[in-house]
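Letter by letter, the chains look like this.
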Amino acid sequence: MSKPSPVGTVMIKAARDAGRSLARDFGEVEHLQVSRKGPADFVSNADHRAEDIIYESLTKARPGYGFLMEERGVVEGTDKSNRFIVDPLDGTLNFLHGQPHYAVSIGLEREGKLFCGVVYDVAKNEIFWAETGRGAWLDQRKLMVAGRKRIEEAVIATGTPWVGKSEGAHRRFAQEMASMTPVCAGIRRYGSAALDLAYVAAGRFDGFWERGLKPWDIAAGIVLVREAGGHVEELDGGDVQTTGNILAANEPLLPKIKDQLRHAKAFGED
Ligand code: 2AM
Ligand code: CA
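Just so it is clear, the model here is predicted, and its values are computed rather than measured.

### Regarding the coordination of the calcium ion (ligand 2)
Part 1 of the reasoning: Each protein donor to the calcium ion (ligand 2) is listed here as Asp87 (OD), Asp90 (OD) and Asp217 (OD); together their distances run 2.0 to 2.2 Å.
Part 2 of the reasoning: Along the chain, the residues that donate to the calcium ion (ligand 2) are spaced as D-x2-D-x126-D. Taken together, the positions of Asp87 in strand β3 (residues 79-90) and Asp217 in helix α6 (residues 215-227) put the pair 130 residues apart, joining distant regions of the chain. For the pair formed by Asp87 and Asp217, the shared burial category is buried.

And the structure:
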């Protein structure tokens, strides 16, 4: 069965519509590098345009549902059981630099639990979607996390802390890298957390960790990983949607990656 429910179909359509707008704007970005105003404002407008399209499309199809959106923030709905969690452009820095690795991410929380997720890789035209009980899919292909059990064979994705994060956060990341690089097959840092999680679901990455993400970066991706048979945890045992400190992997690898990161913690943190 590879058919999303009606609400899943609505979310996929909204992601595609926003993706069309982003693709148009992405085509313009490279010409803007030389313009006086620079591309940053343009990207911010692209971001807002995409969010408007998603908001209009979803409110029309599901009036009353609430929202948590990267740009608009919280929009209370009359229906308190359903809330969309939206990142109109994940991988903003890639987009800004003309790199074709960015996504639209739309999650749906139902009765306080993540229920459905869509991550759309616009440049590669890949729609990853998942729904509780229906599995995770890339178009017609059912997704399953990778089966590798040995950390030595694992390709692990991460995200680096950015400008403005505390000195401690940067130091801790350096220590976590120092702990991980000698023991795994390779580290990747592609710059879109939503796609990193989709890639874990698709078995392209064996694991992913990053700290300090926002709910809209990870909501849809969490559903994808879980429905593909993987596990998602908070790195230090808290609530992942609150802290954004995320670790995702298959069941055998998850504790091994966690141990390795704990080892890094032993020699310093914030
Ligand atoms: P964004 O592209 O929507 O900003 C990469 O490490 C992940 O961190 C991305 O999912 C990115 O989402 C998120 N992120 C949030 N704030 C960021 C920032 N100021 N700079 C870079 N990445 C950021
Ligand atoms: Ca994001």
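Text resumes after the structure shown.
### A closer look at the site of ligand 1
Part 1 of the reasoning: In the vicinity of ligand 1 there are 14 residues, among which Asp90, Gly91, Thr92, Ala193 and Glu210 approach most closely.
Part 2 of the reasoning: Contacts to ligand 1 include Trp162, whose side-chain N or O atom sits 3.3 Å from a nitrogen atom.
Part 3 of the reasoning: Here Arg189 contributes a side-chain N or O atom positioned 3.2 Å from an oxygen atom of ligand 1.
Part 4 of the reasoning: Ranked by the residues each element gives to the shell around ligand 1, the list is headed by β3, at 3 residues.

### So, the environment of Ile12
Part 1 of the reasoning: Inspection of the secondary structure assignment puts Ile12 in helix α1 (residues 6-32).
Part 2 of the reasoning: Each C-alpha atom, one on Ile12 and one on Ile106, is 8.4 Å from the other, the two residues being 94 residues apart in sequence.

### Topic: the domain arrangement of the chain
Part 1 of the reasoning: Here the chain is partitioned into domain 1 (6-142) and domain 2 (151-268).
Part 2 of the reasoning: Each of domain 1 and domain 2 has a C-alpha centre, and these two points are 22 Å apart.
Part 3 of the reasoning: Every contact between the two is made by 36 residues of domain 1 and, on the other side, 22 residues of domain 2.
Part 4 of the reasoning: Buried surface at the junction of domain 1 and domain 2, both sides included, amounts to about 2,100 Å², of which 64% is carbon and sulfur.
Part 5 of the reasoning: If you sort the residues of domain 1 by the area they bury against domain 2, His101, Leu114 and Phe128 come out on top, with a joint share of 27%.
Part 6 of the reasoning: Counting the contacts that link domain 1 with domain 2 gives 7 residue pairs in polar contact (both at pLDDT 80 or more).
Part 7 of the reasoning: Breaking the side of domain 1 that touches domain 2 down by element, the ones donating at least two residues are β1 (65-69), β3, β4 (103-110), β5 (113-121), β6 (126-131) and β7 (135-138).

Basis of the calculations
- Counting starts from 1 at the beginning of each chain's written sequence and moves along it residue by residue.
- For this description, chains carry letters from A and ligands carry numbers from 1, given in the order in which they are written.
- Since the coordinates come from a predicted model, pLDDT governs what is reported: local features require at least 70, and pairs of side-chain atoms require 80 or more to be given and counted, while whole-chain, interface and lining totals use all residues.
- With hydrogens and water stripped out, all remaining heavy atoms of the structure feed into the side-chain values.
- Here the term donor refers to an N, O or S atom within 2.8 Å of the metal (or 3.2 Å for Na, K and Ca), and because water is left out of the atoms, sites may appear incomplete.
- The secondary structure listing takes helices from DSSP runs of H or I that are at least 4 residues long and strands from runs of E that are at least 2 residues long, numbered from the N terminus.
- Remark: exposure states derive from per-residue accessible area (1.4 Å probe, protein chains only) relative to the maximum for the residue type, with buried under 20%, exposed over 50%, and partly exposed in between.
- Any residue with a non-hydrogen atom lying within 4 Å of a molecule or strand is treated as near it.
- What qualifies as a polar contact is a pair of N or O atoms within 3.5 Å, subject to a donor-acceptor requirement within protein and to the restriction that residues adjacent in sequence count only when both atoms come from side chains.
- Segmentation of the chain into domains, including their bounds, is taken from an automatic or database domain assignment.
- The contact definition used throughout considers only heavy atoms, calling two residues in contact when any of these lie within 4.5 Å.
- The quantity reported as buried area is the accessible area (1.4 Å probe) lost by two parts once they are put together, taken as the sum for both.

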